[in-house]
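# An overview of the molecular structure
Here is how the chains run, residue by residue.
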Amino acid sequence: MTYKLTTYKTLTGTKTILELQKRKKTEAIVYQNEKPSYYVNCFDLKTESNIIMNSLVLGQKRSISNVIKEVAHKNNVNISIKEAPLLSIEKSFELKEVELPPLPENWLS
């Protein structure tokens, strides 16, 4: 899948984030240990972990970021969703082809 690798200029320096080309509330790139590691799509009903995320996010009317925080805490893993810094200027971006797997099912059970 093609993602947008964006470099932001912030007050504390530059920050590079792999993000979706179009921001959606039902999709996210999940970082593990500060590296893009997983792709969540709540409408991908072919993948078991995405089906579980669908019920956690859409079924319970919660945000993906809150569900990811709970999964991280429950499984003691360092995962998060990165967003553009509040005070930043988009310096540059490039489109990048990356294959990211869905979240591990055992984290969601």
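That block above? That's the structure.
Summarised in this report is the structure supplied together with it. (Residues numbered from 1 in each chain as written. Predicted model: local features only at pLDDT ≥ 70, side-chain atom pairs only at ≥ 80, totals over all residues. Heavy atoms only, no water.)

## Considerations on the sheet that holds strand β1 (residues 2-10)
- In spatial order, the strands read β2-β1-β6; together these 3 strands make up an open sheet with antiparallel pairing. Of all strands in the sheet, those bounded by a partner on one side alone are β2 (13-19) and β6 (88-97). Strand-to-strand twist in this sheet, taken as the mean axis angle between neighbours without regard to direction, amounts to 20°.
- As judged from the 7 bridges shared by β1 and β2, these two strands associate in the antiparallel manner. (Pairing = 2+ DSSP bridges. Helix = DSSP H or I, 4+ residues; strand = E, 2+ residues; numbered from the N terminus. Axes fitted to C-alpha atoms, helices over the stretch in contact; angles between N-to-C directions.)

## Regarding the sheet that holds strand β4 (residues 35-41)
- Taken in spatial order, the 3 strands make up an open sheet running β4-β3-β5, and their pairing is antiparallel. Of all strands in the sheet, those bounded by a partner on one side alone are β4 and β5 (79-81). Ignoring strand direction, the axes of neighbouring strands in this sheet form an average angle of 35°.
- Pairing geometry for strand β3 (residues 27-32) and β5, over 3 bridges, is antiparallel. Within β5, the residue paired with Y31 across the bridge is S80.

## What about the nonpolar core?
- Ranked by size, the top nonpolar core spans 18 residues in total, and within it M53, I79 and L103 carry the most contacts.
- Those elements giving two or more residues to this core turn out to be β3, β4, α1 (48-59), α2 (64-75) and α3 (105-108).
- Once residues lying within four places of it in the same chain are set aside, the contact partners of M53 are V40, C42, L58, V67, I68, L103 and L108.
- In this structure, Y3, Y31, V98 and L100 belong to the second largest nonpolar core, which totals 10 residues. (Core = buried A, V, L, I, M, F, W, Y, C linked by side-chain atoms within 4.5 Å. Buried < 20%, exposed > 50% of the residue type's maximum accessible area, 1.4 Å probe, protein only. Contact = heavy atoms within 4.5 Å.)

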